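Below, each chain spelled out in residue letters.
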Amino acid sequence: MADGEWSDLSIVIPTLNEAENLPPLLGALFALYPGVKVVVADDGSTDGTPSLVREIADGPLPAGSKVILIDRCRANIKGLTASVLDGLREVRSAYCVVMDGDLQHPPEVVGRMLRELRQGVDLVAAARLPYRENQNWCRIVVTRISKWIAQQRLRLCGLRIKDPLSGLFAFRTELVQDVVAAAPGRFELRGYKVLFDLLRALPRRTKIIEVDYQFGFRTGGRSKLRAMHAFYFLRSIFK
Ligand SMILES: Nc1nc2c(ncn2[C@@H]2O[C@H](COP(=O)(O)OP(=O)(O)OP(=O)(O)O)[C@@H](O)[C@H]2O)c(=O)[nH]1
Ligand SMILES: [Mg+2]
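Only a predicted model underlies this, so the values are computations on that prediction, with no experimental measurement involved.

Rules behind the numbers
- Residues numbered from 1 in each chain as written.
- Chains lettered and ligands numbered in written order.
- Predicted model: local features only at pLDDT ≥ 70, side-chain atom pairs only at ≥ 80, totals over all residues.
- Core = buried A, V, L, I, M, F, W, Y, C linked by C-beta atoms within 7 Å.
- Buried ≥ 20, exposed ≤ 12 C-beta atoms within 10 Å, placed from the backbone.
- Contact = placed C-beta atoms within 7 Å.
- Helix = DSSP H or I, 4+ residues; strand = E, 2+ residues; numbered from the N terminus.
- Pairing = 2+ DSSP bridges.
- Near = placed C-beta within 6 Å.
- Nonpolar A, V, L, I, M, F, W, Y, C, P; charged D, E, K, R; others polar.
- Axes fitted to C-alpha atoms, helices over the stretch in contact; angles between N-to-C directions.
- Right-handed = clockwise from strand over helix to strand, strands pointing away.

Draft legend 1. Spotlight on the nonpolar core. The biggest cluster of nonpolar side chains holds 58 residues, and the ones touching the most others in it are Ile 11, Val 12, Val 38, Val 97, Phe 169 and Ala 170. Not counting residues up to four positions away in its chain, the partners in contact with Ala 170 are Tyr 95, Cys 96, Val 97, Met 113, Leu 114, Leu 117 and Val 124.

Draft legend 2. Local environment of the environment of Ala 230. Within the element layout of this structure, Ala 230 appears in helix H8 (residues 227-236). Considering only alpha carbons, one finds Ala 230 and Thr 143, 87 residues apart in sequence, at a separation of 8.9 Å. With residues up to four places along the chain from it excluded, the contact list for Ala 230 reads Val 142 and Ser 146.

Draft legend 3. Just the pairing of strand E4 (residues 95-98), in detail. Because side chains alternate across E4, one face comprises the buried residues Tyr 95 and Val 97, and the other comprises Cys 96 and Val 98, equally buried. The pairing of strand E1 (residues 9-15) with E4 spans four bridges and is classified as parallel. When the bridges of E4 are listed, Ser 10 appears paired with Cys 96. As paired strands, E4 and strand E6 (residues 169-172) are joined by four bridges and run antiparallel to one another. Note on E6: the bridge partner recorded for Cys 96 is Phe 171.

Draft legend 4. A look at helix H7 (residues 194-201). Of all eight residues in H7, seven are buried; the element is thus mostly enclosed. Of all the positions in H7, only Val 194, Leu 195, Phe 196, Asp 197, Leu 198, Leu 199 and Arg 200 are classed as buried.

Draft legend 5. Quick look at the site of ligand 1. The environment of ligand 1 is formed by 20 residues, the closest being Pro 14, Asp 43, Ser 83, Gly 101 and Ser 223. Taken together, the elements giving at least two residues each to the shell around ligand 1 come down to E1, strand E2 (37-42) and helix H3 (80-89). By residue class, the composition of the shell around ligand 1 is five nonpolar, seven polar and eight charged.

Draft legend 6. Representation of the sheet that holds E2. As summarised here, the arrangement of the seven strands in space is E3-E2-E1-E4-E6-E5-E7, forming an open sheet in which the pairing is mixed. At either end of the open sheet lies a strand with only one pairing partner, and these are strand E3 (66-71) and strand E7 (208-213). Along the sheet, successive strands turn relative to each other by an average axial angle of 20 degrees, direction set aside. Sheet topology note: the E1/E2 ladder contains six bridges and is parallel. Directly across from Thr 15, in E2, lies its bridge partner Asp 42. Contacting E4 and E6, helix H6 (residues 173-182) runs over the sheet at an angle of about 90 degrees to E6.

Draft legend 7. Fine view of the pairing of E2. Most of E2 sits inside the fold, with six of its six residues counted as buried. Residues Lys 37, Val 39 and Ala 41 of E2 are buried on one face, and the alternating residues Val 38, Val 40 and Asp 42, pointing to the opposite face, are buried as well. Crossover handedness for the path E1 to helix H1 (residues 22-32) to E2: right-handed. Two strands pair when backbone bridges link them, and E2 and E3 are joined in this way by six bridges, in the parallel orientation.

Draft legend 8. Examining unusual backbone geometry more closely. With a phi angle near 55 degrees, Asn 17 is a residue other than glycine that sits in the positive phi range. Looking at Asn 17, the number of C-beta atoms within 10 Å reads 20, which means it is buried. Positive phi, normally seen in glycine, also occurs at Leu 103, with a value near 70 degrees. Along the chain, Leu 103 falls in the loop between E4 and helix H4 (108-118).

Right, dumping it as structure tokens:
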């Protein structure tokens, strides 16, 4: 498919109270990638995120584009990973990107990742370049230790990945849908680290590359990361 055509791409965005960030993010995605389909998997936001998504879905969109809302307010298992997997089930296009809905993942990186997929790569993990963290020291320490543990765990699978806890990644849809269907138990549904779960479950021959990008600051809404997510991460190491 030629550069400038995006109908082979879907973007899955998990959301929880992202009313401030999601409309500008969707606007930027449709401006850069007309024809793209967006699946928003919302876990019962109370700030109006679902109605904003419905409004955007009903409003004028670029030709070929579509917005699908998965409203998980009554889902038995809430969680970022469970939401992404629900979103993935709706994807019909050849390629898929998973990204956060808080504008910390620059929309421009999506096009770079898609070009790699079109050239035959199976999975592109976006690796955060060193960035100044505006977090408390406790979170910084936990993040660094978690990243190191994840890297060592993946080495056991023969993978050297710089940023295995990244929330931004792209892949051949069919490959990942098959992996999820074959090994649903490998995914920590209430957890936060979908890429880490996926990397452990991929077949050995999978062609994986990383692209670097500059992680943004969250300017609207609040982080949903909680101490319990560290527990889910530790549990996932043994899956
Ligand atoms: N559906 C769903 N989405 C979630 C959940 N928790 C977080 N999200 C979304 O997942 C994305 C990442 O969440 P953040 O809270 O920004 O996590 P983070 O980027 O790792 O942490 P910060 O750097 O502190 O922002 C955002 O789009 C959130 O709205 C959840 O339980 N369910
Ligand atoms: Mg964030």
